[in-house]
Amino acid sequence: MAETIQQGECIEKIMNAFAKIGHELTNKQAEQFFQYYEMLVETNKVMNLTAITEFDEVLQKHFVDSVLKSEIFIKEDTKTLIDVGTGAGFPGVPLKIMYPQLKVTLLDSLNKRLNFLNQVIEKLGLENITTVHYRAEDGAELREQFDCVVSRAVANMSTLCEYCLPYAKVGGCFVAYKSGNAEEEIDKAKKAVHLLGGVKENAIYFDLPDSDIGRSLVIVKKKEPTSKKYPRKAGLPSKEPLQ
């Protein structure tokens, strides 16, 4: 557990893991990741935030996973980002630590998770990052406001697009973090992507470093405004995905 972990050794591991994927962290960033880890496992004792609590696994499956290949969609002109269904803060908080210049919004439907994230934000001294308490389909006031929308939530691609694409500005993008090979899902979501004003720009398949854990990043470009009729009322996007 956190109390048995040596901070210096962990910070070195964090810096090495990020260097391996092409991101040179400052000492401050590495310390922020370690503080985040400590708070995650401590809070996890009283609240179900993650099934993964061992340091090396959190580093690989949460921290590295959140930022791996992010340089493909976080560009110089990417100013604003929203993480829809952020849960324990993945990928939004690691992306904020990695790219401090980003203005980040963390959206979740569960207040106690957001209370935890507010504590993380304060403890890590993060600025220009806010939490909002909404179901994904209820954030109408945030529509069409973000350069980049990300989600690592568990849902099929059609459902995720209906929840997330409305938040992207025209010219912005939605990035779905998926496990394994999402090719079949992407194929089934073509109509949904089109209906919602998007077009598939890229799909990247890779393994997490030093593992055979497959990941996909699906990048959807926002071409035109999403019709106000989407997302549909609560429950429908998951029960009856757009086909």
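Analysis parameters
- Residues numbered from 1 in each chain as written.
- Predicted model: local features only at pLDDT ≥ 70, side-chain atom pairs only at ≥ 80, totals over all residues.
- Heavy atoms only, no water.
- Helix = DSSP H or I, 4+ residues; strand = E, 2+ residues; numbered from the N terminus.
- Rg over C-alpha atoms; globule rule 2.2 N^0.38 Å.
- Buried < 20%, exposed > 50% of the residue type's maximum accessible area, 1.4 Å probe, protein only.
- Contact = heavy atoms within 4.5 Å.
- Areas by Shrake-Rupley, 256 points an atom, 1.4 Å probe, with all protein chains shown as cover.
- Lys, Arg positive; Asp, Glu negative; His and termini not counted.
- Charge placed at Lys NZ, Arg CZ, Asp CG, Glu CD.
- Core = buried A, V, L, I, M, F, W, Y, C linked by side-chain atoms within 4.5 Å.
- Phe/Tyr/Trp six-rings, centres within 6.5 Å; stacked < 30°, edge-to-face > 60°.
- Pairing = 2+ DSSP bridges.
- Right-handed = clockwise from strand over helix to strand, strands pointing away.
- Salt bridge = Lys/Arg side-chain N within 4 Å of Asp/Glu carboxyl O.

**Q** Got a sec to walk through the overall build of the protein? Specific residues and values, please.
**A** Along the protein, the regular secondary structure elements total nine helices and seven strands. For 243 residues, the compact-globule estimate of 2.2 N^0.38 gives 18 Å, and the C-alpha radius of gyration of the protein, at 17 Å, lies within 12% of that figure. Overall size of the protein, expressed as C-alpha extent along the three principal axes, is 50 × 35 × 35 Å. The 243 residues of the protein split such that 53% are buried. Taking the intrachain contacts of the protein between residues at least 6 apart in sequence as the baseline, contacts between residues at least 24 apart amount to 70%. About 11500 Å² of surface is accessible on the protein, with carbon and sulfur atoms providing 47% of the total. Taking the average location of the 31 positive side-chain charges in the protein and that of its 34 negative ones, the two points are 8 Å from each other.

**Q** So what's going on with the nonpolar core? Which residues, and what values?
**A** Grouped together as the largest cluster of nonpolar side chains are 56 residues, with contacts concentrated most on Ile-14, Phe-18, Tyr-36, Phe-63, Phe-73, Phe-116 and Val-175. In terms of residue count, the dominant contributor to this core is helix H2 (residues 27-44) (eight residues). Contacts of Tyr-36, omitting those with residues within four sequence positions, involve Phe-63, Ala-88, Gly-89, Phe-90, Val-93, Pro-94, Ile-97, Phe-116, Leu-117, Val-120 and Leu-124. Membership of the second largest hydrophobic core comes to 28 residues, among which are Val-149, Leu-160, Tyr-167 and Ile-186.

**Q** Go over the packing of aromatic side chains, please, and point to the residues and values.
**A** Counting across every chain of the model gives eight aromatic pairs. Ring centres of Tyr-36 and Phe-90 lie 5.4 Å apart, and the angle between their planes is 35°; on these two criteria the pair is classed as tilted. One end of the pair, Tyr-36, is in helix H2; the other, Phe-90, is in the loop between strand S1 (80-84) and helix H4 (92-98), with 54 residues separating them in the sequence. Residue Tyr-36 shares its accessibility class with Phe-90, and that shared class is buried. Where Phe-73 meets Tyr-177, the ring centres are 6.4 Å apart and the plane angle is 80°; that geometry is what we call edge-to-face. You can see Phe-73 sitting in the loop between helix H3 (55-67) and S1 and its partner Tyr-177 sitting in strand S5 (residues 168-179), a full 104 residues away along the chain.

**Q** Please provide a residue-by-residue account of the pairing of S5, values included.
**A** Pairing of strand S4 (residues 146-151) with S5, which is carried by five bridges, proceeds in the parallel orientation. Looking at the pairing, Ser-151 lines up with Ala-176 of S5. Handedness of the crossover joining S4 and S5 through helix H6 (residues 157-164) is recorded here as right-handed. Where S5 meets strand S7 (residues 214-222), seven bridges bridge the pair, whose relative direction is antiparallel. Bridging across to S7, Tyr-177 finds its partner in Leu-217.

**Q** Explain the pattern of salt bridges to me, and be specific about the residues and the numbers.
**A** Inspection of every chain in the model, using the stated rule, returns 14 salt bridges. In this structure, the salt-bridge partner of Glu-42 is Lys-45, at a minimum N-O distance of 3.1 Å. Residue class for Lys-45 comes out partly exposed when judged on its relative accessible area of 46%. The partner of Glu-185 in a salt bridge is Lys-178, with the nearest N and O atoms 3.0 Å apart. A relative accessible area of 9% means that Lys-178 is categorised as buried. Three or more residues joined by partner-sharing salt bridges are found here, namely Asp-65, Arg-152 and Arg-215.

**Q** Outline the pairing of S4, listing residues and values.
**A** Most of S4 is tucked away: six of the six residues are buried. Of the strand pairs in this sheet, S1 and S4 are connected by three bridges, and their pairing is parallel. Each bridged residue has a counterpart across the sheet, and for Leu-81 the counterpart in S4 is Cys-148.

Geometric descriptors of this kind do not, in isolation, establish any biological role.
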